[in-house]
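Listed here are the chains, written in short residue letters.
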Amino acid sequence: MPELAISADKVAFLIEKAREYDVKETESDPDSGSNPTDDDAIDVLQDNGSDPVGRELTSFIITLNEDEQIDLVALMWLGRGDGGPDDWDDLRARAVEARTEYQNPRREIAHYLLGEPMLGDLLADGLDAFGIDWTDERPSADSSGLSERDEDEPTKRR
């Protein structure tokens, strides 16, 4: 069984946050002008482009080192059924190849992953395929500090 470059704790954090992110929906209360009590707080689950969970996920993924990002993409593909645990080396090689096509790999991988419907479930299925238990304690968002970033790619702040 191959060893992952990304810890199960980091993936577990991403699974939970991605599940929060996935429940957002497009505007479902266009005439909202009332308070949350009157409209049953329906606006809470709307994706209005300023989602703090999306920003948190993007920041977290961007701070991962290159090997962790590659494993994350390969895990998502594994969970999606693009291969099995025996195909791990091939999935990882595909992720490496895909990463080389990006101009800003860190940011574009984050956007790619967040654009995948049900990301949290796919990552969970990927870990499950390896028999990795990810349901224990969760790390905080800053468990992957700037010191873990690759030196070859500066992260631009907007």
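Because the structure is a prediction, the values reported are computed rather than measured.

Caption draft 1: How the structure looks around the overall build of the chain. Assigned secondary structure in the chain consists of 6 helices and 0 strands. When the 158 residues of the chain are sorted by exposure, 40% land in the buried category. For the chain, long-range pairs separated by at least 24 residues make up 73% of all intrachain contacts whose partners lie at least 6 apart in sequence. For the chain, the exposed surface amounts to about 9,000 Å²; the carbon and sulfur share of it is 46%.

Caption draft 2: Local environment of helix α5 (residues 105-114). The buried count for α5 comes to 7 of 10 residues, which makes it a mostly enclosed element. Every buried residue belonging to α5 is among Pro105, Arg106, Arg107, Ile109, Ala110, Leu113 and Leu114, and all of these are buried. On the buried face of α5, the contacting elements are α1 (8-22), α2 (52-63), α3 (66-80), α4 (88-100) and α6 (119-130).

Caption draft 3: Looking closely at α1. Helix length check: α1 (15 residues) gives 20 Å between terminal C-alpha atoms against 21 Å at 1.5 Å per residue, within 8%. Those residues of α1 that fall on the buried side of the exposure criterion are Lys10, Val11, Ala12, Phe13, Leu14, Ile15, Lys17 and Ala18. Structurally, α1 contributes buried residues whose contacts are with α2, α3 and α6.

Caption draft 4: Molecular detail of the nonpolar core. Ranked by size, the top nonpolar core spans 36 residues in total, and within it Val11, Leu72, Leu75, Trp88, Leu113 and Leu123 carry the most contacts. Of all the elements in the fold, those that place two or more residues in this core are α1, α2, α3, α4, α5 and α6. Element by element, the count of residues in this core is highest for α3, at 8 residues. Leu113 has contacts with Ile61, Leu72, Val73, Met76 and Leu119, leaving out every residue within four places of it along the chain.

Caption draft 5: Structural detail: the side chain of Lys10. By the secondary structure assignment, Lys10 is in helix α1. Among the polar contacts listed, one links the side chain of Lys10 to the side chain of Glu68, at a separation of 2.7 Å.

Caption draft 6: How the structure looks around the packing of aromatic side chains. All chains considered together, the criterion is met by 2 aromatic pairs. Note on Phe13 and Phe60: the rings are 4.7 Å apart at their centroids and 45° apart in plane angle, and the pair reads as tilted. In this pair, Phe13 sits in helix α1 while Phe60 sits in helix α2, placing the two residues 47 residues apart along the sequence. Exposure class is identical for Phe13 and Phe60. Each is buried. Ring plane angle 80° and centroid distance 5.0 Å describe the contact between Trp88 and Phe130, whose orientation is recorded as edge-to-face. With Trp88 in helix α4 and Phe130 in helix α6, this residue pair connects regions lying 42 residues apart in the sequence. The exposure class of Trp88 is buried, given its relative accessible area of 2%. For Phe130, a relative accessible area of 7% corresponds to the buried category. A cation over an aromatic ring shows up here: Arg94 above the ring of Trp77, its NZ or CZ 4.4 Å from the ring centre.

Caption draft 7: Up close: a negative patch on the surface. There is a patch of like negative charges on the surface, built from Asp86, Asp87, Asp89 and Asp90. Structurally, Asp86 is set in the loop between α3 and α4.

Caption draft 8: Local environment of the pattern of salt bridges. By the definition in use, this model includes 10 salt bridges. The shortest N-O distance in the salt bridge between Lys17 and Glu20 comes to 3.6 Å. Of this pair, Lys17 and Glu20 both sit in helix α1, 3 residues apart, which is roughly one turn of that helix. Relative accessible area serves as the criterion here: at 18%, Lys17 is assigned to the buried category. With its nearest N and O atoms 3.2 Å apart, the salt bridge here joins Lys17 to Glu56. With Lys17 in helix α1 and Glu56 in helix α2, this residue pair connects regions lying 39 residues apart in the sequence. In this structure Glu56 comes out as partly exposed when scored by relative accessible area, which is 24%.

Rules used throughout
Residues numbered from 1 in each chain as written. Predicted model: local features only at pLDDT ≥ 70, side-chain atom pairs only at ≥ 80, totals over all residues. Heavy atoms only, no water. Helix = DSSP H or I, 4+ residues; strand = E, 2+ residues; numbered from the N terminus. Buried < 20%, exposed > 50% of the residue type's maximum accessible area, 1.4 Å probe, protein only. Contact = heavy atoms within 4.5 Å. Areas by Shrake-Rupley, 256 points an atom, 1.4 Å probe, with all protein chains shown as cover. Expected span 1.5 Å × (residues − 1). Core = buried A, V, L, I, M, F, W, Y, C linked by side-chain atoms within 4.5 Å. Polar contact = N/O pair within 3.5 Å; in protein donor to acceptor, adjacent residues only side chain to side chain. Phe/Tyr/Trp six-rings, centres within 6.5 Å; stacked < 30°, edge-to-face > 60°. Lys NZ or Arg CZ within 6 Å of the ring centre and 35° of its normal. Patch = residues over 30% accessible without salt bridge, like charges linked within 9 Å, V, L, I, M, F, W, Y side chains within 5 Å. Salt bridge = Lys/Arg side-chain N within 4 Å of Asp/Glu carboxyl O. Lys, Arg positive; Asp, Glu negative; His and termini not counted. Charge placed at Lys NZ, Arg CZ, Asp CG, Glu CD.

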